[in-house]
Amino acid sequence: LTGLLTSNIDDYFRLSKYFLQIMAGVTNNNIILDPNGYILPGIAIRIPFHLSDSDIDSTIILMTDYNVVDLMVETPAGDVIDANNAAGLGITYNVGARTRSYKFTLPVAFSGKNHAGQWYVILKVNEKDWKQYNSDSPTHNNPDRRRPGPAGARYSVQVNTFSNLKMKARIDQSSLEPGAAISLRTNLTEFGLPVEGRAIVKVSVVRPDLSVVTYTLDEESEGNFEKSFTANMAGIYNCRFMASGTTLRGKPFTREQTLTAAVWNGGDNPRTPTGNENEGGRPGQEGRTDCCNKHVRL
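Residues numbered from 1 in each chain as written. Predicted model: local features only at pLDDT ≥ 70, side-chain atom pairs only at ≥ 80, totals over all residues. Heavy atoms only, no water.

(A) The pairing of strand β14 (residues 199–206), seen in detail. The pairing of β14 with strand β18 (residues 235–246) spans eight bridges and is classified as antiparallel. Paired with Ala199 across the strands is Gly245, a residue of β18. Taken together, β14 and the strand that follows it, strand β15 (residues 212–216), pair antiparallel across an intervening segment of five residues, in which Leu210 is found at a positive phi of about 70°. (Pairing = 2+ DSSP bridges. Helix = DSSP H or I, 4+ residues; strand = E, 2+ residues; numbered from the N terminus.)

(B) Region of the structure containing the packing of aromatic side chains. Evaluation of the coordinates by the stated rule reveals seven aromatic pairs. Here a set of aromatic residues connected by ring pairs shows up, and it is made of Phe49, Phe104 and Trp119. One Lys or Arg, Arg154, reaches over the ring of Tyr12 and ends 3.8 Å from the middle of that ring. (Phe/Tyr/Trp six-rings, centres within 6.5 Å; stacked < 30°, edge-to-face > 60°. Lys NZ or Arg CZ within 6 Å of the ring centre and 35° of its normal.)

(C) Expanded view of the pattern of salt bridges. One pass over the structure, following the stated rule, counts 14 salt bridges. For Arg154, the salt bridge identified is with Asp65, shortest N-O distance 3.0 Å. One end of the pair, Arg154, is in strand β10 (residues 153–163); the other, Asp65, is in the loop between β4 (55–64) and β5 (69–74), and 89 residues separate them in sequence. In this pair, the class of Arg154 matches that of Asp65, namely buried. (Salt bridge = Lys/Arg side-chain N within 4 Å of Asp/Glu carboxyl O. Buried < 20%, exposed > 50% of the residue type's maximum accessible area, 1.4 Å probe, protein only.)

(D) Looking closely at the pairing of strand β3 (residues 44–51). Burial along β3 is one-sided: the face carrying Ile45, Ile47, Phe49 and Leu51 is buried and the face carrying Ala44, Arg46, Pro48 and His50 is not. In this sheet, strand β9 (residues 117–125) lies alongside β3 in antiparallel orientation, the contact comprising eight bridges. Bridge pairing links Phe49 to Trp119 in β9.

(E) Structural detail: the sheet that holds strand β6 (residues 80–81). Taken in spatial order, the four strands of this open sheet run β3-β9-β5-β6, and their pairing is antiparallel. Of all strands in the sheet, those bounded by a partner on one side alone are β3 and β6. Inspection of the sheet shows β5 paired to β6 by two bridges, in the antiparallel sense. Across the sheet, residue Glu74 finds its bridge partner in β6, namely Val80.

(F) Structural detail: the environment of Thr161. Position of Thr161 relative to the elements: it lies in strand β10. Residue classification places Thr161 among the buried positions, given a relative accessible area of 0%. Through-space distance from the C-alpha of Thr161 to that of Ile60 is 8.8 Å; in sequence the pair is 101 residues apart. Polar contacts involving the side chain of Thr161 include one to the main-chain carbonyl oxygen of Asp57, which spans 2.8 Å. (Polar contact = N/O pair within 3.5 Å; in protein donor to acceptor, adjacent residues only side chain to side chain.)

(G) Representation of the environment of Ala180 in the model. As for its placement among the helices and strands, Ala180 is situated in strand β12 (residues 180–190). It is 10.0 Å that separates the C-alpha atoms of Ala180 and Trp264, two residues lying 84 residues apart in sequence. Each residue touching Ala180, except ones within four places of it in the same chain, is listed here: Ser174, Ser175, Phe229, Thr230, Ala231 and Val263. (Contact = heavy atoms within 4.5 Å.)

(H) Quick look at the nonpolar core. Within the largest apolar cluster, 33 residues are counted, with the highest numbers of intra-cluster contacts made by Phe49, Ile81, Phe104 and Leu123. Every element with two or more residues in this core is listed here: β1 (30–33), β3, β4, β5, β8 (99–105), β9, α3 (127–133) and β10. The contact partners of Phe104, leaving out residues within four places of it in the chain, are Leu51, Asp57, Ser58, Ile60, Ile81, Ile91 and Trp119. Counting 26 residues, the second largest nonpolar core, distinct from the first, contains Ala169, Leu188, Ala231 and Ala243. (Core = buried A, V, L, I, M, F, W, Y, C linked by side-chain atoms within 4.5 Å.)

(I) Molecular detail of unusual backbone geometry. The amide bond that connects Leu106 to the next residue, Pro107, takes the cis arrangement and shows omega of -5°. As for its position among the elements, Pro107 is in the loop between β8 and β9. With a phi close to 60°, Glu222 is a non-glycine residue in the positive phi region. Topologically, Glu222 is positioned in the loop between β16 (218–219) and β17 (224–231).

Below, the structure is given as structure tokens:
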């Protein structure tokens, strides 16, 4: 599912993002955007995103490598949701070991513009928490004296929505071996009706050699978008689907989803592990597959 995990920031959060994406699918949520980055003290990062008139609620999730980043959300009218006023606005605020999140129903209880429009995720380093991780002495939160790198703390933000505007992406393969045709498909609907003539879908594909190519899917009928490419290299193809367009009322929207395709030599004829009493098996276990048998491939 992941391919080779390296030290870069995308790979650092990749498994966590897959888990959050699964949870979003289980709860029938769509992902609006999903950026990563670094943050240092004294810097405020504002990440824009759009909520539309078709969106019913939203969940903002922050993941970090060090729990030193404060999370806030700004409405289109400029009102700010933070840890202090969230409860009074009927907004759920949660703090985990390395996560923070808000969940709110639209519109929020501000007097100004607070539903469709451009919102912002605001990130700031908490100076008090940062000092604990940069202390020369061990602290309760940092007994091993680990410190953020020179680029700052790593973060990943995911904005989800339970919405009447839905994106469903899928990947189909003609084979599991190099040379397979990989079909990228997306369906967009709003209130159960196809989104036609008002959206663009692009897919950024990270190939096994880490080169990146972006495909613009061809729009077909009934809100369907599709494009195919040939997977000539063995390995994992990480495919990030990104849709953007306007709602029936002309409000902008975005959707994202990440899926993977995989091909490998011999993929269409996988080897079936078999037990061997002479190599790795124990007496009385003939014919049983043993996970420690050197012939078993994982």
